[in-house]
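Structural characterization, general
Residue strings, one per chain:
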Amino acid sequence: MNLASLLSKDRITLSLKPGKKNKVIEDLVYTIKQGVDAELILSTLLKREELGSTGIGKAIAIPHCRSLAVDKLEIAVGRTTKPIKFNAIDKKPVSLIFLIIAPPQDPGNQYLITLGKIVQIAKELIKKKLIGKSQTPEEFITLIDQVEKGLKKGK
Amino acid sequence: MSTEIVEMHLKLLFDLDNLLNDMDEPTYKKIGFKVEEQEKQSLIKTRTDLLKKLPRETADIYERLRKRYQRAIAPVDNGFCFGCFQRLPTQLLARSEKIITCPNCGRILYWRKK
Ligand SMILES: [Zn+2]
């Protein structure tokens, strides 16, 4: 399964309003679920953040969890118009966020595989300085597709 | 305690247990996210507190199932229990007011709101 095919353009926000970490995560959750489902997801995501920030450094964060509130893997992407504090491992602010929510039962361990893949792709985006490149969600999906194909070829 | 509150506590507890389980998964560890041991202990305490908030009987059922299956709750999809993949008897399918377990595997059933 490739990552680009899991992305949907209505869940990619390239001009996300900057704000407190938790609020920005909440805004992204709301592109996936609303109401009590969103509350449950947010509560679990923030517990994950308590264990250690998912800011992997160099302006990228990848908040993630499983939740009973979803029945399939859901991904939202947000790029803030200004970098925000995220308590990332390199202490630097974050501007690109991949948010990933997986159902509890997950045949084939798609969640952890996809999570690992996002980390890999994120590192490529950093290395090739591509974080700020895309102007539209469509362009972003194409970019991810290209990066992913590049990684496969490199192997 | 109202059914809604019990259900919300159960969902929070279940999501938290899954989170804690994933932290120990070798595949997860390999990805390399930061996990602070001290914070993990504090979340383990949070799960104990959540468990205590549940009615005794519900908490006992949950714990017994967790020990047996790791995941105590199974979503219902298309009339199937997603824990054992058996079709549920139709009389169960109408959403009732209290906690329902799968007649086949015993897991607590959860109907997602559409
Ligand atoms: Zn069952």
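As shown above, the structure is provided for reference.
Residues numbered from 1 in each chain as written. Chains lettered and ligands numbered in written order. Predicted model: local features only at pLDDT ≥ 70, side-chain atom pairs only at ≥ 80, totals over all residues. Heavy atoms only, no water.

**A word on the side chain of Glu 63 of chain B**
Note the cut-off: The helix count covers DSSP runs of H or I at least four residues long, the strand count covers runs of E at least two residues long, and both are numbered beginning at the N terminus. Within 3.5 Å is the distance limit for a polar contact, defined as a pair of N or O atoms, with the added protein rule that one can donate a hydrogen and the other accept it, and that residues adjacent in sequence qualify only through two side-chain atoms.
In this fold, Glu 63 of chain B is placed in helix α4 (residues 56-69). Within the local environment of Glu 63 of chain B, its side chain forms a polar contact with the side chain of Arg 66 of chain B, the two groups lying 2.9 Å apart.

**Thoughts on the pattern of salt bridges**
If the charged atoms of two oppositely charged side chains come close together, the side chains can form a pair. As a reminder, the rule being used: Here a salt bridge means any side-chain nitrogen of Lys or Arg lying within 4 Å of a carboxyl oxygen belonging to Asp or Glu. For every residue, the accessible area (1.4 Å probe, protein chains only) is compared with the maximum for its type, and the residue is labelled buried under 20%, exposed over 50%, or partly exposed between those bounds.
Inspection of the entire model under this criterion finds 19 salt bridges over all chains. Salt-bridge contacts for Lys 72 of chain A lead to Glu 74 of chain A; the nearest nitrogen and oxygen are separated by 3.2 Å. With relative accessibility at 48%, the residue Lys 72 of chain A sits in the partly exposed group. The salt bridge involving Glu 37 of chain B is made with Lys 40 of chain B; its shortest N-O contact spans 4.0 Å. Taken together, the residues span about one helical turn, with Glu 37 of chain B and Lys 40 of chain B both in helix α3 (residues 37-53) at a distance of three residues. Relative accessible area serves as the criterion here: at 47%, Glu 37 of chain B is assigned to the partly exposed category. With a relative accessible area of 13%, Lys 40 of chain B lands in the buried category.

**Description of the sheet that holds strand β1 (residues 73-77) of chain B**
Residues and elements named next belong to chain B. Test applied: For two strands to be treated as a pair, DSSP must find at least two bridges joining them.
Spatially, the three strands line up as an open sheet ordered β2-β1-β3, and their pairing is mixed. Because the sheet does not close on itself, it has two edges, and the strands there are β2 (80-81) and β3 (108-111). Where β1 and β2 come together, two bridges link them in antiparallel fashion. Residue Val 76 lies in a different strand from β2, and its bridge partner there is Cys 81.

**Considering the interface of chain A and chain B**
The condition is simple: The contact definition used throughout considers only heavy atoms, calling two residues in contact when any of these lie within 4.5 Å. Accessible area that two parts lose when put together, with a 1.4 Å probe and added across both, is what the buried area reports. In this classification, the charged set is Asp, Glu, Lys and Arg, the nonpolar set is Ala, Val, Leu, Ile, Met, Phe, Trp, Tyr, Cys and Pro, and all remaining amino acids, among them Gly, are polar.
Contact residues are listed per partner, giving 30 residues for chain A and 30 residues for chain B. A per-residue breakdown of the area chain A buries against chain B is headed by Leu 51, Leu 68 and Gln 105 of chain A, which together make up 28% of the total. On inspection of chain A and its partner chain B, the count reaches one salt bridge. A salt bridge links Asp 22 of chain B to Arg 66 of chain A; the nearest nitrogen and oxygen atoms lie 2.8 Å apart. Applying the counting criterion to the chain A and chain B interface returns twelve residue pairs in polar contact (both at pLDDT 80 or more). Contributing elements (two or more residues each) for the side of chain A that touches chain B: α3 (35-51), β4 (64-66) and α4 (110-127) of chain A. A per-element tally of the side of chain A that touches chain B places α3 of chain A first, with nine residues. The residue makeup of the side of chain A that touches chain B, split by class, is 14 nonpolar, ten polar and six charged.

**Let's talk about helix α5 (residues 137-154) of chain A**
Residues and elements named next belong to chain A. Worth spelling out the cut-off: In a helix, the anticipated span is given by 1.5 Å times the number of residues less one.
With 18 residues, α5 extends 26 Å between its outermost C-alpha atoms, agreeing within 8% with the 26 Å of an ideal straight helix rising 1.5 Å per residue. The complete set of buried residues in α5 reads Phe 140, Ile 141, Leu 143, Ile 144, Asp 145, Val 147, Glu 148 and Leu 151. Those residues of α5 hidden inside the fold are in contact with α1 (3-6), β1 (12-16), β5 (74-84), β6 (94-102) and α4.

**Points about the coordination of the zinc ion**
All names here are of chain B. Selection rule: As a rule, N, O and S atoms within 2.8 Å of a metal are its donors, except that Na, K and Ca use 3.2 Å; water is not among the atoms, so sites may look incomplete. Geometry assignment treats four donors as tetrahedral when all angles are between 85 and 135 degrees, treats four as square planar and six as octahedral when opposite donors are over 155 degrees apart and all others between 65 and 115, and treats everything else as irregular.
Cys 81 (SG), Cys 84 (SG), Cys 102 (SG) and Cys 105 (SG) make up the full set of protein donors to the zinc ion, lying at 2.3 to 2.4 Å. Metal-centred angles of 106 to 114° between the four donor atoms at the zinc ion mark the site as tetrahedral. Sequence spacing of the donors to the zinc ion: C-x2-C-x17-C-x2-C. Of the two residues examined, Cys 81 and Cys 84, each falls in the buried class.

**Considerations on α4 of chain B**
Residue and element names in this part refer to chain B. Formally: Note that the arc is computed from the directions linking the helix axis to the C-beta atoms.
Taking 1.5 Å per residue as the helical rise, α4 with its 14 residues ought to reach 20 Å, and the 20 Å between its terminal C-alpha atoms agrees with that figure. Taken together, the buried positions of α4 are occupied by Thr 58, Ala 59, Tyr 62, Glu 63 and Leu 65. Mapping the buried residues of α4 onto a view down its axis gives an arc of 165°, with all of them on the same face. Counted as exposed and oriented over 90 degrees from the buried face of α4: Arg 56, Glu 57, Arg 64, Lys 67 and Arg 68. Tucked inside the fold, the buried residues of α4 contact α1 (3-23), α3, β1 and β3. Gln 70 occupies a position one or two residues after α4 and carries a positive phi of about 70°.

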